Amino acid sequence: MSQEQGLVFISFSSRDGEFANKLITDIEKHGIPCWISSRDVEPGADYQKAIIDAMSRCSVILLLFSSNANSSKEIAKELAIASNRNKPIIPARIEDIMPSGSLEYQLTTAQFIDLFHNYDAALTRLCAALERQIQIAGGAPLPKSASVTYARPPGGMRNRLLAGGAVAALGILGAGAAVFMHGSGHDPARDATETTPAPVVQQATPAPAPLAPAQPAPVQSVPAQSATVQPASARPVPAQSAPAQSAPTPGPAPVELDQPPASSPQTHPPVPADTSMPDTAGQSSDSSDQAVARLMKMEPGNRMSAAASVLGGEENQLSYSQASRLLEGETAGARGEFIRILLPHLAKPIPVAVAKSFLASTDSYRHDALKELLPSLPEQISGDEAILLLGDMTADTRSDAIDLLMHRSAGNITPDQALKILNNTDSAWAQTLHIIVPKMQRPVSAPDLVRLVGATSDGLRENAIRYLLPVMPQKLTPADVDNLLMDTNSQRVDSIRLIASHLPAGMEVKDAVMLMNGTTEGGRKTAIDALVPHLKHGLSGQDVAPLLDQTDSYWAESVTSLMPVLARTQTVPDILVLLGNTQEGRRSSILHTIHNMLPSGISVQDAQSILDSLFSLYADGLEILIPHMAPVRAADIQTLVSPIDVPQTQAMLASRLRQIR
């Protein structure tokens, strides 16, 4: 079926129909006719046959590439049909993704026009590319000012790019688009050796003889050693060349886009000097220099998609400076993937200063890019180098990156370095501290410990304290510990238990009270248990009264916990403090606990105060006190035994009181 002049076939995913319809409306405003299945398949027609017929008639296929297109089996079929019919394809991305799966194989060397960025400018470039391809399909002559350089395709390239006049036409677009032809199973390296060497066409120079005002003659190919396109009337035709109306077809060659004429200087801006980047590491070869120069003529988004094919095998080594230049302008998401492509071509290990420059502008994708780089970094990195590599990553992403880096840490990380590493980990601070501590110098001073627990609170602060235990000095002052305990709140008791072993011996009660601030009931009793081994000994009941405060229903148990630090003999006021406001069983239990500490010569009045609130256990308490009492008058004996209800018990205790001398 004959080719229909100027028709553009739109290959797209039906999920991108809204964008496709808008785009063809804009393209057709430029006078370029389009065919799209959603609009141009007649009702009742065979849908698949209509598509094949349209592809056979069209001049060029416009592929709208997106994540939907990438996963579409129909798109893959249409590209296969295009391959069979040698149809040129212009791929245009409508979102910032790269081909994968079967389309990655088919589009591996394609340069894209990106319609998602500066749509109006991209549309203009796209229409220019379409018009140029339509001219080629229709046999229209090309302007004599066209300047294109052909290059032999690198080994392994599977897509056969548009050759001959089509390539020459595209070369003058300067639009960042790649028009390519799908191959049919040929080996590009073999094809290149079996065809006429590709000519180099440079800026045309007018011939001395004047040209007729008629239509310009078609551009013809000339031998490879000739660098000038001459007018047809003045140009000799070598015997081996094809007739003037038919230019010889060169072997498969990638399109060099945006290349200035041979006489023009390279317009790519110089890379700013990076004083942190080594100059001597990672030397490049001549072939890699050429490959980099070729890639630098492409737009950043297209540069990456072509890099693997253009750079070839690992034998083509790049310098670090070249790699940095290639990464310039790449989007944050694509930069990490591009780093992965470039790594096989770089000397290892990559210095951290170089890796830092590679990671620049990766933004929220920095973690992924760092993960790609990590195996190529030195076996051991310092704390300062880890800080450089982390950049401004935050929260869980930063914590995960720190975990990766600590596996290569040389250790001996200082508190200042640790704080910079921890910066911006936010809610992951304590978890990240756990990762860093094994690599830290030790011991860490008390003020630095406080800095390292940061602004954590409650359970997170308790965890931070727990993780710091291995680097704590053997002894901390109560004030240091109190600073660490700040904001532990409901976890203060557990935190005290964690850190108590680092307290000095002979601690004052006031310091213990400071540490237990805010604790009550059972929690306060637990804190007393943790602190008792560090309290000074020989304390009186009145001394420990602040410790017993707020123990409430755990008062009796707390007195028992304090027994190791209490003085052997207590005064009556001390005994009364230790008894507190307890009653009956609890009061009796305390009295039994401290009975060996009772002073001698207890008066009747003091005995009554001690026995107060014992109620049914009064007789048991009086029996404990009798050995410690002063001689009792007969009248006082009756006063002391009168609360006892059992006559026999009353009589027995009265008899014992009378025996006191």
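You'll find the structure just up there.
The text that follows walks through the structure, step by step, so that each part is easy to find. Please read these numbers as outputs of a predicted model, since none were measured by experiment.

## Focus: the packing of helix α28 (residues 572-579) against helix α29 (residues 584-593)
One way to put it is that α28 packs onto α29 with a least axis distance of 9 Å and a crossing angle of 135°. The orientation of α28 with respect to α29, classified from their angle, is oblique. At the point where α28 passes α29, the crossing takes the right-handed sense. Contacts between α28 and α29 involve Leu576, Leu578 and Leu579 from the first element and Arg587, Ile590 and Leu591 from the second. Looking at the contact of α28 with α29 residue by residue, the classes come out as five nonpolar, no polar and one charged.

## Regarding the packing of aromatic side chains
One pass over the structure, following the stated rule, counts three aromatic pairs. Measuring from centroid to centroid gives 5.3 Å for phenylalanine 9 and tryptophan 35, while their planes differ by 10°, and the two rings are stacked. Note that phenylalanine 9 is positioned in strand β1 (residues 8-11) and tryptophan 35 in strand β2 (residues 34-35), a separation of 26 residues in sequence. Taking relative accessible area as the criterion, tryptophan 35 reaches 7% and is therefore assigned buried. On the numbers, 5.7 Å between centres and 35° between planes, the contact of phenylalanine 65 with phenylalanine 112 is tilted.

## Things to note about the pattern of salt bridges
Between side chains of opposite charge, pairing is possible as soon as their charged atoms come close. All chains considered together, the criterion is met by 22 salt bridges. The residue arginine 39 makes a salt bridge to glutamate 28 at a minimum N-O spacing of 3.0 Å. With arginine 39 in helix α2 (residues 37-40) and glutamate 28 in helix α1 (residues 17-28), the pair connects residues that are 11 residues apart, well separated along the chain. Across the salt bridge formed by lysine 49 and aspartate 53, the nearest N and O atoms sit 3.0 Å from each other. With lysine 49 and aspartate 53 both in helix α3 (residues 47-57) and four residues apart, this pair spans about one turn of that helix. With a relative accessible area of 49%, lysine 49 lands in the partly exposed category. Exposure remark for aspartate 53: the relative accessible area of 21% places this residue in the partly exposed category. Through salt bridges with shared partners, a single ionic network connects Lys22, Asp26 and Lys29.

Rules used in this analysis
Residues numbered from 1 in each chain as written. Predicted model: local features only at pLDDT ≥ 70, side-chain atom pairs only at ≥ 80, totals over all residues. Heavy atoms only, no water. Axes fitted to C-alpha atoms, helices over the stretch in contact; angles between N-to-C directions. Helix = DSSP H or I, 4+ residues; strand = E, 2+ residues; numbered from the N terminus. Parallel < 35°, antiparallel > 145°, perpendicular 65-115°, else oblique. Left-handed = near helix turned anticlockwise from the far one by under 90°. Contact = heavy atoms within 4.5 Å. Nonpolar A, V, L, I, M, F, W, Y, C, P; charged D, E, K, R; others polar. Phe/Tyr/Trp six-rings, centres within 6.5 Å; stacked < 30°, edge-to-face > 60°. Buried < 20%, exposed > 50% of the residue type's maximum accessible area, 1.4 Å probe, protein only. Salt bridge = Lys/Arg side-chain N within 4 Å of Asp/Glu carboxyl O.

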